[in-house]
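Next come the chains, spelled out residue by residue.
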Amino acid sequence: MPSYPAIETDRLRKVFGERAAVKGLTLQVQQGEVFGFLGPNGAGKTTSIKMLLSLIEPTAGTARLLGAPLGDRSVRARIGFLPEHFRFQEWLTAGEFLELHGQLYGMKPARIKEQSAALLERVGLDEFRDKQLRTFSKGMLQRIGLAQALLSQPALVFLDEPTSGLDPVGRRLVRDIIHELRREGTCVFLNSHLLSEIEVTCDRVAIIRSGEVIRLIEMAALDSGRATVRIRGRGITPEICSGLENWGQAIRADGELVSLNVQSEESLPEITRFLVERGVQVYQITPERLSLEELFIETVGKDAGL
Ligand code: ATP
């Protein structure tokens, strides 16, 4: 895999009139990574994506995609994009639509044919190849949009809210496709408010506010990191409860139930030993991991909308 990052931005900035929509985005996304881009409404996510895709000009700052400066034509042919608010050519059939986009990518006719057939099947629309897009439901349009984004077998794909119009089956399909893309080494830049989906698909996540990265999260670290441990046991005296404070803040719900906020699940065996040695009969000791949603709200503040 090439040594340059898939995306590299340095203080990328966009001002609309008096207002900075993106104050200064500095970010690196590696090749083959599935990267989540999160932030409250109006945080500048779509504006950032539009700058990266050269749909709007940055006011200041620089960025490189796949090692080349923004706007490089040969690199643009290796990038896929599913916009949040798409308006497709609804008078075209699904097959014609993919053909048109293949031509816009500069793909050879035989490759367009082969890729279209494979992708229509992949997104579950092969039966609708000859149907006009105006007859499609929102979910079907989202699926054909995804096929369009993947048509040129891009090295980097931007998916802006790819599951917003989809039912649970459609969401699962998108999730499976993202997993396949990762296996193939494609970098996916995913903007979504569905944190549960980000949680199961992304390797890393950036939380942004006003177009600045305020937190970077490695999802693997989140898995083994902070957790609330629920302990149910007979014989937890107030002394034992205060002894638990060695590992974190302990809150006693009632005589038998204690919840303990620990920094790492690594401390679970020690906590169990501590309780057993003091004669507590342990019925349950369950870690509940800090979810991405909790981390998001902790980071951007409770007032921010998702
Ligand atoms: P959401 O999660 O709601 O889609 P977002 O993070 O994608 O939000 P943007 O759409 O990038 O946010 O908008 C960031 C800010 O820039 C908002 O305050 C928005 O009103 C403003 N903005 C975006 N586009 C323009 C424009 N063309 N002209 C003026 N202001 C704009």
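To be clear, the structure that these remarks concern was listed above.
Residues numbered from 1 in each chain as written. Predicted model: local features only at pLDDT ≥ 70, side-chain atom pairs only at ≥ 80, totals over all residues. Heavy atoms only, no water.

(A) Seen up close, the overall build of the protein. For the protein, the helix and strand inventory stands at eleven helices and 14 strands. Here the C-alpha coordinates of the protein stretch approximately 75 × 45 × 35 Å along the principal axes. When contacts within the protein are restricted to residue pairs at least 6 apart in sequence, those whose partners lie at least 24 apart make up 68%. Put simply, the protein shows about 15500 Å² of open surface, and 48% of that area lies on carbon and sulfur atoms. If you average the places of the 38 positive and of the 40 negative side-chain charges in the protein, the two averages end up 4 Å apart. (Helix = DSSP H or I, 4+ residues; strand = E, 2+ residues; numbered from the N terminus. Contact = heavy atoms within 4.5 Å. Areas by Shrake-Rupley, 256 points an atom, 1.4 Å probe, with all protein chains shown as cover. Lys, Arg positive; Asp, Glu negative; His and termini not counted. Charge placed at Lys NZ, Arg CZ, Asp CG, Glu CD.)

(B) The arrangement of the sheet that holds strand β4 (residues 60-65) in detail. Within the open sheet, the four strands sit side by side as β2-β1-β4-β5. Their pairing is antiparallel. Each end of this open sheet is capped by a strand with a single partner; those strands are β2 (19-29) and β5 (68-69). Both strand β1 (residues 7-16) and β4 contribute to a ladder of five bridges, which runs antiparallel. Residue pairing in the sheet places isoleucine 7 in a bridge with leucine 65 of β4. Helix α1 (residues 45-52) rests against β1, β2 and β4 of the sheet, and its axis sits at about 115 degrees to β1. (Pairing = 2+ DSSP bridges. Axes fitted to C-alpha atoms, helices over the stretch in contact; angles between N-to-C directions.)

(C) Highlighting a positive patch on the surface. Together, Arg13, Arg19, Lys23 and Arg209 make up a region of like positive charge exposed at the surface. Relative to the assigned elements, arginine 209 resides in strand β9 (residues 204-209). (Patch = residues over 30% accessible without salt bridge, like charges linked within 9 Å, V, L, I, M, F, W, Y side chains within 5 Å. Salt bridge = Lys/Arg side-chain N within 4 Å of Asp/Glu carboxyl O.)

(D) Representation of helix α10 (residues 268-277) within the structure. Buried residues of α10: Leu268, Ile271, Phe274 and Leu275, and no others. For α10, the arc enclosing every buried residue in end-on projection is 125 degrees, short of the 170-degree limit, so these residues lie on one face. Here the buried face of α10 lies against β11 (227-234), α9 (238-244), β13 (257-262) and β14 (281-289). Directly beyond the C-terminal end of α10, a positive phi value near 80 degrees is found at glycine 279. (Buried < 20%, exposed > 50% of the residue type's maximum accessible area, 1.4 Å probe, protein only. Arc of directions from axis to C-beta.)

(E) Layout of the packing of helix α5 (residues 138-150) against helix α6 (residues 168-184). Look at α5 against α6: their axes get within 11 Å of each other, and the N-to-C directions meet at 10 degrees. It follows from the interaxial angle that α5 and α6 lie roughly parallel. Judged by residue contacts, Arg143, Leu146 and Leu150 of α5 engage Gly170, Leu173, Val174, Ile177 and Leu181 from α6. (Parallel < 35°, antiparallel > 145°, perpendicular 65-115°, else oblique.)

(F) Local environment of the sheet that holds strand β7 (residues 156-160). Strands sit in the order β6-β7-β8-β3-β9-β10 across an open sheet of six strands; the sheet is mixed. One side of each edge strand has no neighbouring strand; the edge strands of this open sheet are β6 (79-82) and β10 (212-218). Sheet twist, expressed as the average angle between the axes of neighbouring strands with direction ignored, equals 15 degrees. Direction of pairing for β6 relative to β7: parallel, over a ladder of four bridges. Directly across from glycine 80, in β7, lies its bridge partner valine 157. Strands in contact with α5 are β6 and β7; relative to β6, the strand with the most contacts, it is inclined by about 165 degrees.

(G) Expanded view of the site of the ligand. Neighbouring the ligand are 13 residues; Arg19, Gly42, Lys45, Thr46 and Thr47 lie closest to it. At 2.9 Å, a backbone N or O of glycine 44 approaches an oxygen atom of the ligand. Contact between the ligand and histidine 193: an oxygen atom at 3.0 Å from a side-chain N or O atom of the residue. The fraction of the free accessible surface of the ligand (640 Å²) that becomes covered by protein chains is 60%. (Near = heavy atom within 4 Å. Polar contact = N/O pair within 3.5 Å; in protein donor to acceptor, adjacent residues only side chain to side chain.)

(H) Examining the environment of leucine 222 more closely. Position of leucine 222 among the secondary structure elements: in helix α8 (residues 219-224). Residue class for leucine 222 comes out buried when judged on its relative accessible area of 11%. In this view, leucine 222 contacts Glu199, Ile217, Leu290, Leu292 and Leu295; residues no more than four positions away in its chain are not counted.

(I) Layout of α1. Of all the eight residues making up α1, six are buried; the element is thus mostly covered by neighbouring parts of the structure. Among all positions of α1, only Lys45, Thr47, Ser48, Ile49, Met51 and Leu52 are buried. Backbone geometry just after α1 places serine 54 at a positive phi near 60 degrees.

(J) Broad picture of the packing of aromatic side chains. Under the defined criterion, the tally for this structure stands at seven aromatic pairs. Each ring, one from phenylalanine 37 and one from phenylalanine 189, has its centre 4.8 Å from the other, and the planes form 45 degrees; the classification is tilted. Residue phenylalanine 37 is located in strand β3 (residues 34-38), and its partner phenylalanine 189 is located in strand β8 (residues 187-191); the two are separated by 152 residues in the primary sequence. Considered together, phenylalanine 37 and phenylalanine 189 belong to a single accessibility category, that of buried residues. Between tryptophan 247 and phenylalanine 274, the aromatic rings sit 5.3 Å apart at their centres with planes inclined by 70 degrees, giving edge-to-face as the arrangement. Placement of the pair is tryptophan 247 in the loop between α9 and β12 (248-254) and phenylalanine 274 in helix α10, with a sequence separation of 27 residues. No difference in accessibility class separates tryptophan 247 from phenylalanine 274, as the two residues are buried. Put simply, the rings of Phe35, Phe37, Phe158 and Phe189 touch in pairs and so form one group of aromatic residues. (Phe/Tyr/Trp six-rings, centres within 6.5 Å; stacked < 30°, edge-to-face > 60°.)

Everything listed here is a matter of coordinates, which is why it stays silent on function.
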